[in-house]
Structures are given as C-alpha cells and as structure tokens.
Amino acid sequence: MRIHANDGIDTAAKSRLQEEGFTVTTDHVPQDQLRTYLNTEKVDVLLVRSATKVRQDLIDACPGLKLIGRGGVGLDNIDVAHAKARGIPVINTPASSSISVAELVMAHLFGLMRNLHEGNRRMPAEGRTRFKELKKACEKGSEVRGRTLGIIGFGRIGQWTARYALGCGMRVIYVDNRTTVEAIEMEVGGQSVRVPVKMVTMDELLAQADAISLHVPAQKDGKPVLGGAELARVKPGVVIVNTARGGSVDEDALLAALKEGRVRSAALDVFTNEPEPREDLLTEPRLSLSPHIGAATAEAQGRVGAELAELILHWRDSVQVA
Ligand code: NAD
C-alpha cells in the first residue's frame, strides 16, 4: 500500500510505516497537481496537515483513495462528510499538539506584554541610530502575573493554555458553549494540584480580561467569535492572541480596534487567507505574527506521527480482517 504525506510526516513514523510494508512518499505536491499525482502513483492513503485541502472534487477525482489522515486537530480543510459518504474513513490526532499550541500562546503573550514584537520589527533598521527612541516606544510593558486571561473555547488547547497561565500567576476565566470545567488538574514540581477556574459569560469575559486567547474550532456558520460587536466591548488596552483559525477573529474589526487603541496589541498565528495573508495585517506594527506554527514542534510532530502510524496500522488490520 502506498501512503502519501503531502504536508510531511515525522521521520520515526515514516520508518515505522515503511517497516510495516507501506511505501511512504513525502514530497509536497502543489494542490492543483495533487489529483494527477494521487491517481498516477496509485496512492491508497493521503495524509495532510492544515496546508493541503481535501475537498469534494479531489475526493471524487481519486477513486483509489481508501483513507484520509489529518495530522492535527481541525478537520476544516477536509470534506469529511463527503469522504465518509464515499466510504473513505477520515482519521486525525486531536490531542497530540495541544501543549505546543498552548506554549506558542504564552510566547506571544509574553511578547505582547513587553512589546517584543515592536522591538523585533524596529531594531534591525533603527537600533543603531534611534536606540533611545526605541527604548521609549517599547518600555511601557506589563507583567503577566496578576493579570486576567480570558480563554474562549475551553477544550484541549484552552485547558493547556490555562495550565501555563495559572503557573505564571494569572487569573483564568473562560467561556465555552459546551464544556464546563470547575478546576484544572496540573503538575507543579512533581506535585499534582487542582486549581479552580471560572466559567463566565462572554460579556463578563470581554469586560474583565486583560488578555484574551481563542481556542474554538472553525464555526459552522463561518462567523467570527470575536467580531466588531465583541471587540467594541473589550476592556480598553486588552491584548488578544489568536491561534485558533483565521476566521475566529474578524480581521477588519481587529485592525480597526488596534488603530483606535482599544486593543493594545494582538498576535496572530492563523489567517483567513492562508497561505497568502493580507498585506495590511503583515505590516501592522501592533501585531505579533507567526506563520501557523502552533503545532510545529519536534515533540508535537513526533506524537502526531506516532498516533497517525498507530491509526493507519489499526485501519489496515481491520480492513484485512473484513
Ligand atoms: P477542542 O474541540 O478540544 O476544544 C474546542 C472548544 O471550543 C470546545 O470545548 C467547544 O465546546 C468550544 N467552542 C466551540 N465553539 C465555541 C463558541 N462559539 N464559543 C465558545 N466555545 C466554543 O479543540 P482543541 O484541540 O482545543 O483545538 C481548538 C482549535 O485550535 C482547533 O479546532 C483548531 O482550529 C485550532 N488549532 C490550531 C493550531 C495551530 O497550529 N495554530 C493547532 C491545533 C489546533
């Protein structure tokens, strides 16, 4: 059987699958050539991360596909219902990257609180000639300890973000339209502790949070969770981190709120128009930016690969038995 991992796969997982008799290819094929590649190479299993789209037309055009795998959480780049209707199972690895995404949130959050994004943008050009002015521009930072973090979407990544934030002395409040969690289990210095967390209404979160982090999936109605109406009600000077999906925060409304100063600064790891984010986001000095790297650590990709390999082997065994 042939597996094609179009957005790459961890090398240990690749070796494991090869040892089990699979042929595994990992060279990235551009989206518009993927249909031809999958058919001419007779690919049985297509693996993707977030970059490659597996839409209805691709599924229909590749009758040899038997399994689709997503290394990561969100399945919004795959037409799952259509695949299943055609008898093609879709597998993913939801828990493997939560810690890595939460750590990226904290990296952005610390950076925003101390204006590192501004220093990083301006130091290369102005560091030698305008050092004192840069120091003045970047110096009004804040500590995170004692600040309130509002988490929107309190699933796997939201709860891991809460652990890191609580560990840094932040107060955590959250909203979630499904999950209610009274306390978070966390390990500190080898000791297991339970720390209470508070579910609030969206209005309370917007009014109280000094920092907001989003951890919701792509919404079925396509609407942003933080749109103009919500951004009008935030605590003035709030910082926002979005590692969820580009559409989770309305990009126009965010730019307007940054320009007005209502939102002090924000960090984006995800964009509506990936892989070509809007120019005005890239050049906005109050934004700290990363190119969708939430899950891109060696550890997360190792776990993603190992879990995918297990799921593929399990699927092969079940197909052989059937
Ligand atoms: P999860 O399913 O464990 O948690 C999502 C939570 O959001 C759920 O508890 C759900 O009830 C809640 N929710 C959904 N819609 C909501 C709404 N409108 N208001 C309030 N709560 C809402 O998912 P997860 O593993 O925590 O992942 C969250 C998202 O993070 C993924 O769907 C994906 O889009 C994104 N993600 C990004 C990266 C990255 O590289 N930046 C990596 C992994 C995941």
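Right above here is the structure, for reference.
It should be emphasised that the depicted structure is a prediction, and the values quoted were computed from it without experimental measurement.

(A) Up close: the overall build of the protein. Counting its regular elements, the protein contains 13 helices and 14 strands. On C-alpha atoms alone, the protein measures out to a radius of gyration of 22 Å, which is about the 20 Å that the 2.2 N^0.38 rule sets for 322 residues. The principal-axis extents of the C-alpha atoms in the protein amount to approximately 65 × 45 × 40 Å. Taking all 322 residues of the protein together, 47% fall into the buried category. Counting contacts in the protein only where the partners sit at least 6 residues apart, residues at least 24 apart contribute 59% of the total. When the accessible surface of the protein is split by element, carbon and sulfur atoms take 52% of a total near 16000 Å².

(B) Fine view of the nonpolar core. Counting 29 residues, the largest nonpolar core has Ile152, Ile212, Leu226, Ile240, Leu254 and Val263 as the members making the most contacts within it. Among the elements of the structure, strand 7 (171-175), helix 9 (202-208), strand 11 (211-214), strand 12 (238-242), helix 11 (251-260) and strand 13 (263-268) are those that each provide at least two residues to this core. The element that contributes the greatest number of residues to this core is helix 11, accounting for five residues. Ignoring any residue separated from it by four or fewer positions in sequence, one finds Leu226 in contact with Ile152, Leu206, Ile212, Leu214, Leu231, Ile240, Ser248, Val249 and Asp250.

(C) Geometry of the site of the ligand. By nearness alone, 23 residues border the ligand, and Arg156, Ile157, Asp176, Gln219 and Asp269 come closest of all. A distance of 2.7 Å is found between an oxygen atom of the ligand and a side-chain nitrogen or oxygen belonging to Asp176. Between the ligand and Thr179 there is a distance of 3.2 Å, counted from an oxygen atom to a side-chain nitrogen or oxygen. Computed on the free molecule, the ligand has an accessible area of 860 Å², of which 89% lies beneath the protein chains in the complex. When the residues that make up the shell around the ligand are grouped by side-chain class, the tally is eight nonpolar, 10 polar and five charged.

(D) Molecular detail of the sheet that holds strand 12. Spatially, seven strands are ordered 10-7-6-11-12-13-14 in an open sheet, and the strand pairing comes out parallel. Each end of this open sheet is capped by a strand with a single partner; those strands are strand 10 (198-199) and strand 14 (287-289). In terms of strand pairing, strand 13 meets strand 14 through three bridges, oriented parallel. Within the sheet, the bridge partner assigned to Leu268 lies in strand 14 and is Leu289. Strands in contact with helix 11 are strand 12, strand 13 and strand 14; relative to strand 13, the strand with the most contacts, it is inclined by about 140°.

(E) Highlighting the pairing of strand 4 (residues 67-70). Taking every second residue as pointing to the same face, both faces of strand 4 are buried, with Leu67 and Gly69 on one and Ile68 and Arg70 on the other. Examined bridge by bridge, strand 3 (residues 45-48) and strand 4 share four bridges and lie parallel to one another. Across the sheet, the residue bridging to Val48 is Arg70, located in strand 4. Of the crossover connections in this fold, the one passing from strand 3 over helix 3 (residues 56-61) to the parallel strand 4 is right-handed. In this structure, strand 4 lies alongside strand 5 (residues 90-92), joined through three bridges in parallel fashion. Each residue of the ladder has a partner; that of Ile68, found in strand 5, is Val90. A crossover connection joins strand 4 to the parallel strand 5 through helix 4 (residues 80-85); in handedness this β-α-β unit is right-handed.

(F) Focus on the sheet that holds strand 2 (residues 23-25). One open sheet holds the five strands; their spatial order is 2-1-3-4-5, and the pairing between them is parallel. The open sheet has two free edges, formed respectively by strand 2 and strand 5, since each of these has just one partner strand. Geometrically, the sheet is characterised by an average inter-axis angle of 20° between neighbouring strands, direction not taken into account. Relative to strand 3, strand 1 (residues 2-5) runs parallel, the two being bridged by three bridges. Looking at strand 3, one finds that Ala5 is bridged to Leu47. Set on the sheet, helix 13 (residues 298-321) makes contact with strand 1, strand 3, strand 4 and strand 5; between it and strand 5 the angle comes to about 150°.

Cut-off values and rules
- Residues numbered from 1 in each chain as written.
- Predicted model: local features only at pLDDT ≥ 70, side-chain atom pairs only at ≥ 80, totals over all residues.
- Heavy atoms only, no water.
- Helix = DSSP H or I, 4+ residues; strand = E, 2+ residues; numbered from the N terminus.
- Rg over C-alpha atoms; globule rule 2.2 N^0.38 Å.
- Buried < 20%, exposed > 50% of the residue type's maximum accessible area, 1.4 Å probe, protein only.
- Contact = heavy atoms within 4.5 Å.
- Areas by Shrake-Rupley, 256 points an atom, 1.4 Å probe, with all protein chains shown as cover.
- Core = buried A, V, L, I, M, F, W, Y, C linked by side-chain atoms within 4.5 Å.
- Near = heavy atom within 4 Å.
- Polar contact = N/O pair within 3.5 Å; in protein donor to acceptor, adjacent residues only side chain to side chain.
- Nonpolar A, V, L, I, M, F, W, Y, C, P; charged D, E, K, R; others polar.
- Pairing = 2+ DSSP bridges.
- Axes fitted to C-alpha atoms, helices over the stretch in contact; angles between N-to-C directions.
- Right-handed = clockwise from strand over helix to strand, strands pointing away.

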